Amino acid sequence: MTALFNSLDAISSVRLIDGPTPIQRLNRLESVLRSDVALYVKRDDLMSVGGGGNKLRKLEYLLGDALAQGCDAFVTTGGLQSNHARLSAAACARLGLKCELVLAPMVSYDGDGYTQNGNVLLDKLFGATVHEVPRGTDALAFAHERANELRTLGYKPYVAGLGGSTPIGALGYVSGARELLEQEAQRGEAFSHIVIPSGSFGTHAGLAIGLAMANAQPERIQAFTVLSPLDVAITKTRDLIAQVQAQLRFQSSVAADAVRIDGSQLGEGYGIPTDGMLEAVRLLAQTEGLLLDPVYSGKAFAGLLHDIRRGAIAAGSSALFIMTGGTPGLFAYRQTFDRP
Ligand SMILES: Cc1ncc(COP(=O)(O)O)c(C=O)c1O
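Residues numbered from 1 in each chain as written. Predicted model: local features only at pLDDT ≥ 70, side-chain atom pairs only at ≥ 80, totals over all residues. Heavy atoms only, no water.

S.K.: Help me get a handle on the pairing of strand 7 (residues 193–198), residues and values and all.
M.R.: Counting buried residues along strand 7, six of its six residues qualify, which places the element largely inside the surrounding structure. Side chains of strand 7 alternate between two faces, with His193, Val195 and Pro197 and Ile194, Ile196 and Ser198 buried alike. Sheet topology note: the strand 7/strand 10 (residues 318–322) ladder contains three bridges and is parallel. Looking at strand 10, one finds that His193 is bridged to Ala319. (Buried < 20%, exposed > 50% of the residue type's maximum accessible area, 1.4 Å probe, protein only. Helix = DSSP H or I, 4+ residues; strand = E, 2+ residues; numbered from the N terminus. Pairing = 2+ DSSP bridges.)

Right, dumping it as structure tokens:
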């Protein structure tokens, strides 16, 4: 296995995650659903820095690149309730880097909770400088301007893009795929379905390449878009896959039809609650004591539940849901969850 990933190991990274994240079976949920599909979660929400989540895997490579370039400040962008921003702030605190976040409100939801609680509260607690810019601002251009100002102050800044899903950030899930393949090898069985949310495409692109590098069926991945319309999500995921492949000098490619994305859970748009999301978050909390988030994993889990209930996943299959974190987002949607 390791030899397959030599090109990945040649790329700079920092360690922010302590060992493989656990895989757990959802026995209670299976019995409540009377499901013939074995259901598992991979707990990528269970990591030691900043509350954990998928973005920490990307930050292992983004911050590794920043440190390899001798940078001492990290500037990144996101929505107001960005989990990537919160985990950037936490990881920078851990590594002793200055962190500046350029945040734009992508939705206007739930009043004060959305603007002041959840990730926004934690960004400041982790010591980041937050620049709130109006909706529609080119946040990346703003980040580059801010980086120029930091240079005049004597810093050497590194600028990362939205959601950390640059070709370098996406390497975090090539590494995540290797970790999953090792866990499957230990279990002696591969999962037939791997279910994830898709926002800025890095989780999907990285996982797909990692599985393809080991010839381990990337078409097992079923993503649910929670941000872009379906056609945009498919095109951009394929583009990112091509860029990551080139970076790793990985010759054979992920087949175009192996990129499987479902648009049924987006609802009215990014960050706007759906009935399916509310049901999924409540059901997993009340059957398993596990927390999904309202923006990403809640909608993707609603998609998995929908597929199980309509029999789209064959009896006897085993589905692994990657819990990507985002729990602080629940506190930004207090009014939504207060309603019955
Ligand atoms: C909790 C959570 N899950 C899933 C995603 C989606 O991951 P990606 O942006 O790599 O598609 C994000 C971020 O966008 C996230 O914060």
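Next, the rest of the story.
S.K.: Report on the domain arrangement of the protein, specifying residues and quantitative values.
M.R.: Each domain of the protein was delimited in the assignment, giving domain 1 (2–52 + 167–338) and domain 2 (54–164). Its C-alpha centre places domain 1 at a distance of 23 Å from the equivalent point of domain 2. On the side of domain 2, 37 residues touch domain 1, which itself brings 45 residues to the contact. Taken over both partners, the interface formed by domain 1 and domain 2 buries close to 3,300 Å², and the fraction arising from carbon and sulfur atoms is 61%. If you look at where domain 1 meets domain 2, you find three salt bridges. Glu60 is the partner of Arg15 in a salt bridge, and the nearest nitrogen-oxygen pair spans 3.8 Å. The tally of links from domain 1 across to domain 2 stands at eleven residue pairs in polar contact (both at pLDDT 80 or more). Contributions of two or more residues to the side of domain 1 that touches domain 2 are made by helix 8 (171–187), helix 9 (202–213), helix 13 (328–331) and helix 14 (334–338). Among the elements that take part in the side of domain 1 that touches domain 2, helix 8 stands out by supplying six residues, more than any other. In terms of residue class, the side of domain 1 that touches domain 2 is built from 20 nonpolar, 20 polar and five charged. (Domains from an automatic or database assignment. Contact = heavy atoms within 4.5 Å. Buried area = accessible area lost by both parts, 1.4 Å probe. Salt bridge = Lys/Arg side-chain N within 4 Å of Asp/Glu carboxyl O. Polar contact = N/O pair within 3.5 Å; in protein donor to acceptor, adjacent residues only side chain to side chain. Nonpolar A, V, L, I, M, F, W, Y, C, P; charged D, E, K, R; others polar.)

S.K.: Please provide a residue-by-residue account of the site of the ligand, values included.
M.R.: In the neighbourhood of the ligand, 16 residues make up the surrounding shell, with Lys58, Gly199, Ser200, Thr203 and Thr324 lying closest. Here an oxygen atom of the ligand sits 2.7 Å away from a polar atom, N or O, in the main chain of Gly199. Thr324 places a side-chain nitrogen or oxygen 2.6 Å from a nitrogen atom of the ligand. In isolation the ligand has 380 Å² of accessible area, and contact with the protein removes 97% of it. (Near = heavy atom within 4 Å. Areas by Shrake-Rupley, 256 points an atom, 1.4 Å probe, with all protein chains shown as cover.)

S.K.: Kindly report on the sheet that holds strand 6 (residues 157–159), identifying the contributing residues and their values.
M.R.: What links the strands of a sheet is backbone hydrogen bonding, and the strands pair in either a parallel or an antiparallel sense. Taken in spatial order, the four strands of this open sheet run 5-4-3-6, and their pairing is parallel. For this open sheet the edge positions go to strand 5 (129–132) and strand 6, each flanked by a neighbour on one side alone. Put simply, the sheet's adjacent strands are angled 25 degrees from each other on average, direction ignored. In this structure, strand 3 (residues 73–79) lies alongside strand 4 (residues 98–104), joined through seven bridges in parallel fashion. Residue pairing in the sheet places Ala73 in a bridge with Lys98 of strand 4. Each of strand 3 and strand 4 touches helix 4 (residues 83–95); the most contacted strand, strand 4, lies at about 170 degrees to it. (Axes fitted to C-alpha atoms, helices over the stretch in contact; angles between N-to-C directions.)

S.K.: Could you give me a rundown of the nonpolar core, with the residues and numbers involved?
M.R.: Counting 38 residues, the largest nonpolar core has Val174, Leu207, Ile209, Val244, Leu248 and Val254 as the members making the most contacts within it. Elements supplying a minimum of two residues to this core: strand 2 (38–42), helix 8, strand 7, helix 9, strand 8 (221–225), helix 10 (230–248) and strand 10. The element best represented in this core is helix 9, accounting for seven residues. Apart from residues no more than four positions distant in its own chain, Leu248 is found in contact with Ser7, Leu8, Ile11, Leu171, Val174, Ile209 and Met213. If you look at the next biggest cluster of nonpolar residues, it comprises 35 residues, including Leu59, Leu63, Val295 and Ala332. (Core = buried A, V, L, I, M, F, W, Y, C linked by side-chain atoms within 4.5 Å.)

S.K.: Quick one: what's the story with the sheet that holds strand 1 (residues 23–25), residue by residue and with numbers?
M.R.: Read from one edge of the open sheet, six strands run 1-2-10-7-8-9, paired in mixed fashion. Across the chains shown, the open sheet's two edge strands, defined by having one partner strand only, are strand 1 and strand 9 (260–262). Taking each pair of neighbouring strands and ignoring which way they run, the sheet shows an average axis angle of 30 degrees. As judged from the three bridges shared by strand 8 and strand 9, these two strands associate in the parallel manner. From the neighbouring strand, Phe224 faces strand 9, where its bridge partner is Asp262. Strands in contact with helix 8 are strand 1, strand 2, strand 7 and strand 10; relative to strand 2, the strand with the most contacts, it is inclined by about 135 degrees.

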